[in-house]
Structure formats: C-alpha cells, structure tokens
Amino acid sequence: MYLHKRVELILRNNTIDYLKGFLLILVVIGHQSAWPEINKVIYLFHMPAFFIFAGYFSNKKDFSIFIASRVKGLLYPYILACVITFLYWIVFVKNFGSGVSVLLEPFQLLKNLAYANASNGGLEPNTPIWFLTAYFFYSVFGYLIFKIFKSQVYSFLFSVLLSFLIYIFFNPENIPFGIYTSFIMLPIYFLSSIFIVDSKNVLYASCYLIIFILLLSLLNYPRVDLASGNIANPAYLIVFTFLFFRASLPVFYYIKEVKFLSNYLSLLSNAALPIIVLHMPFIVLLNGGISIIFDYDYAYVRDNAFFSVISVLFSVVLLPYIIIFLKVDKIFNYDFIKDKVKLN
C-alpha cells in the first residue's frame, strides 16, 4: 500500500505513539459529563482518529493470519472486558451507578454485551468497550474490500457509497452497534495516506487548526456521540478527522524533544487497550469513594467540574502506572495467557 511509504518516517520517530497517547486522554475527558460543550468537539474526531490506524500493515498479511491476529487482539480482549464489566456491574454499579445502568436487568446486560449493543445506554456500565468489536469489524471489512478492488481509490469510493447507504437507510438500533459503526467509519480506512503525512510544518498545521475552529463555529458544534448511538454523518467524521491529523501531527513530531512528555504519551499508547476497558469502572469507583468519604450525592460528584478533573488526572496518570505495575496489560494478551496456561 502507498500508505506504508508515507508513514515510515513517522513510525520511526514514534509520532503515532504520542498521538495515540493524546487521543486516550481525550477518550477519558469525553466520558466526563461535566463538560458537554468540550465533548461535542472531541467526539467529532477522537474515535475516528483511532480507526485510522487499522489499515497500516494488515494488507501485507495472508487472510488467515490477519483474522487470527484480529481475533486474538480484539475479540479475546472484548470477551474478557465483558466478564469484567458484568462482575463490576453486579458488585459496584448497583450501589454507585445512575440512570440506565442501575435499571438494567442481568439478562439484558448480558444480551447487550453479546451484541456489543451500545445504543440507548445498553453498555452504560462500561460503554467504551464497544470500540473493540467495532474496530474488529472495521478492520476486517476494510481488508476484504481492498482485496476485492485492489485499488485504494476504488476501495475508498465503494466504502463511501456503502457508508452513506448504511447511514441513510438503516437504524443503528436494528444492526449490532459494532457492525453499524464499522460501516460508518469505513471511508477513513482508505484515507490514511492522505491524513497521515510526515509533516513538520507548524505554519500549515496552524492553518488547518484555524479551519477546524471556523467549521465548528459554522456548524454550531454538531453532536456526534458514537457511544450513545447518535452516529455522525460520515462527511463530518472524514473532514474533522482530516483537519485534526493535519493540525496535530507536526506538534507530536516535536514532542519527542520533551522527554518526560514523550515517555508519558508512549506509556499511555502501550497501555491503550486496558485503559480503554478499565477507565470507566475506575472512574465510577473513584467517584463512588469520593461520594462516601465526603458524604456527597454520587450524581453531584459525577457532574462536578472539579471532581471531573480529579477523575481525569487519576485515570490518565495513576491508572496507567497501576496497569503496568500489576501487569494487567498482560491479561489482555492472548498469547501471554495461552503460554501461561501451557506452562501450568
């Protein structure tokens, strides 16, 4: 793929790792209810930006090798995340939760987990895990489409057509959420070589940032919260993700000069999967502990800006080090667990 040559230098200097670490911070911020206006901006690009990374090297692999790597890397962690989510819901959410998560029945939650149904709060106890199934189907569909058309241009045009047909004619409640979202995101799979460039020009980046801000003002902060089933028009996702990449990549290229920051963002990137799975339960437990210690209503703690800052800081600073120290990330590694089972 043409993309591979374009991103080779970026991969060497870890720019992508730094960017992924920053996107993880945005994921945690986006799951705070204290800043709805900020969330409106974040949801325009932060999850589509994650999806952009799927197509890098997958097309070099035989399909059987590719699908095995996707199952091990995404479906196995999703099954583990479902077990964690269900146990955490039974033990803690009934005491500290609110809204849909408290009203769920055990069988309904199990059904929602089986279908990765994030629509209408179906995965509210741990909503972010929808990403694992969506990313799986997205990467598989992208792989197969490229194998059929053998052209990035034709694959992109077909994916745009498919994406808009799904968006216009299908209700996300009638299709498993992960599959629906993967179709909406598909055009991004084939735009990686346009989005990701080895650019160090801060002046150009500033221009893209200005365009980003102007479009936000023009569109009046359109809400595109993937986690609630209110899926964005694919055109929004393409345009704002493109502008985000072009505005941010030069910045993350130069972050390597700031050692403590580059090391920290690399740490986040390396622990990305367990952070995605565990940060919501971690935040609920943290907010629940604060509400008990200070005798505050849980909803007040959850929606308060100050406590939301505390939640974000603990989730993006303390949680990654807990994950690395306790080797929690190893649990999500299929091959590591398989080898352990063989040894025993």
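Cut-off values and rules
- Residues numbered from 1 in each chain as written.
- Predicted model: local features only at pLDDT ≥ 70, side-chain atom pairs only at ≥ 80, totals over all residues.
- Heavy atoms only, no water.
- Helix = DSSP H or I, 4+ residues; strand = E, 2+ residues; numbered from the N terminus.
- Contact = heavy atoms within 4.5 Å.
- Expected span 1.5 Å × (residues − 1).
- Bend = angle between axes of the 7 residues up to and from the residue.
- Phe/Tyr/Trp six-rings, centres within 6.5 Å; stacked < 30°, edge-to-face > 60°.
- Buried < 20%, exposed > 50% of the residue type's maximum accessible area, 1.4 Å probe, protein only.
- pLDDT = per-residue confidence, 0-100.
- Arc of directions from axis to C-beta.
- Salt bridge = Lys/Arg side-chain N within 4 Å of Asp/Glu carboxyl O.
- Patch = residues over 30% accessible without salt bridge, like charges linked within 9 Å, V, L, I, M, F, W, Y side chains within 5 Å.
- Areas by Shrake-Rupley, 256 points an atom, 1.4 Å probe, with all protein chains shown as cover.
- Polar contact = N/O pair within 3.5 Å; in protein donor to acceptor, adjacent residues only side chain to side chain.
- Axes fitted to C-alpha atoms, helices over the stretch in contact; angles between N-to-C directions.
- Left-handed = near helix turned anticlockwise from the far one by under 90°.
- Nonpolar A, V, L, I, M, F, W, Y, C, P; charged D, E, K, R; others polar.
- Parallel < 35°, antiparallel > 145°, perpendicular 65-115°, else oblique.

Q: Before we go on, may I ask you to explain the overall build of the protein in this structure?
A: A tally of regular secondary structure across the protein gives 19 helices and zero strands. Sequence separation of at least 24 residues holds for 80% of the intrachain contacts in the protein that already meet a minimum separation of 6.

Q: Sorry if this is basic, but what is going on with helix α10 (residues 177-189) here?
A: Because each turn of an α-helix spans 3.6 residues, side chains separated by three or four positions in sequence point in the same direction. The first and last C-alpha atoms of α10 sit 18 Å apart over 13 residues, in line with the 18 Å expected at 1.5 Å per residue. Taken as a whole, α10 carries its principal kink of about 40° at F183; the proline P187 stands between one and four residues after it.

Q: Mind showing me how you'd approach the packing of aromatic side chains here?
A: The description of an aromatic ring pair uses the distance of the two centres, along with the angle that the planes make with each other. Using the criterion set out here, one finds 31 aromatic pairs in the structure. Note on F63 and Y143: the rings are 5.5 Å apart at their centroids and 45° apart in plane angle, and the pair reads as tilted. On the criterion of sequence distance, the pair formed by F63 in helix α5 (residues 63-96) and Y143 in helix α8 (residues 130-149) is long-range, its members being 80 residues apart. Aromatic pair Y208 and F242: ring centres 5.8 Å apart, planes at 90°, arrangement edge-to-face. You can see Y208 sitting in helix α12 (residues 202-219) and its partner F242 sitting in helix α13 (residues 234-254), a full 34 residues away along the chain. Given a relative accessible area of 21%, Y208 falls into the partly exposed group. A relative accessible area of 21% means that F242 is categorised as partly exposed.

Q: Where do I start with the confidence of the model for the protein in this structure?
A: Note that predicted coordinates carrying low pLDDT should not be read in detail. Of the residues in the protein, 82% have a pLDDT of 70 or more, and the chain-wide mean is 81. Note that residues 1-12 has pLDDT below 50 and, in this model, 29 contacts with residues that lie over four places away or in other chains. Residue range residues 224-230 is modelled with pLDDT below 50. Its contacts to residues more than four positions away, or to other chains, number 23 contacts.

Q: Just to check I follow, could you spell out α12 for this structure?
A: Between its terminal C-alpha atoms α12 stretches 26 Å, which fits the 26 Å expected from 18 residues at 1.5 Å a residue. Burial in α12 covers these residues: A205, F212 and L216. Down the axis, α12 shows its buried residues gathered within 35° of arc, on one side only. Residues of α12 that are exposed and angled more than 90 degrees away from the buried face: L203, Y204, L214, S217 and L218. Its buried side turned inward, α12 meets α3 (36-42) and α13.

Q: Explain the pattern of salt bridges to me, please; I cannot follow it from the model alone.
A: As a working rule, side chains carrying opposite charge can pair if their charged atoms are close by. Under the criterion given, the structure shown has one salt bridge. Across the salt bridge formed by R302 and D303, the nearest N and O atoms sit 2.9 Å from each other. D303 gets classed as partly exposed once you look at its relative accessible area, which sits at 37%.

Q: Help me out: how do you make sense of a nonpolar patch on the surface in this one?
A: A cluster of nonpolar side chains, I148, F149, V153, Y154, L157 and F158, forms an exposed patch at the surface whose accessible area comes to about 620 Å². Of all elements in the fold, only α8 and α9 (152-169) reach the threshold of two or more residues within the nonpolar patch. Examining the composition of the nonpolar patch, we find that four residues originate from one element, α9, more than from any other. Structurally, V153 is set in helix α9. Judged by its relative accessible area of 55%, V153 is exposed.

Q: Quick question: what am I supposed to make of unusual backbone geometry here?
A: Glycine aside, a negative phi is what most residues show, and trans is what most peptide bonds show. Here D295, not a glycine, exhibits a phi torsion of approximately 55°, which is positive. Here D295 shows up in the loop between α15 (272-293) and α16 (298-303). One non-glycine residue, K327, adopts positive backbone phi at about 60°. Assignment of secondary structure puts K327 in the loop between α17 (305-325) and α18 (328-331).

Q: How do you make sense of the environment of K150 when you look at a structure like this?
A: By secondary structure assignment, the location of K150 is in the loop between α8 and α9. In terms of polar contacts, K150 uses its side chain to reach the backbone carbonyl oxygen of K147, at 3.2 Å.

Q: What is the right way to read the packing of α10 against α13 from this model?
A: When two helices pack together, you describe them by how their axes are tilted relative to each other and by the distance separating the axes. It is at 9 Å that the axes of α10 and α13 come closest, and there the two elements cross at 35°. Crossing of α10 over α13 shows right-handed handedness. Residues I184, M185, P187 and I188 of α10 form the contact with α13, whose participating residues are P234, L237, I238 and T241. Class assignment of the residues belonging to the contact of α10 with α13 gives a composition of seven nonpolar, one polar and no charged.

Q: Would you take a moment to explain the packing of α15 against α17 for this structure?
A: At a minimum axis distance of 9 Å, the contact between α15 and α17 shows a crossing angle of 130°. It follows that α15 is oblique to α17 by the angle criterion. Seen along the crossing, α15 lies across α17 with a hand that is right-handed. Note on element contacts: α17 touches α15 through F307, I310, S311, F314, S315, L318, L319, P320, I322 and I323, opposite P274, I275, L278, H279, F282, I283, L286, N287 and I290. The residue makeup of the contact of α15 with α17, split by class, is 15 nonpolar, four polar and no charged.

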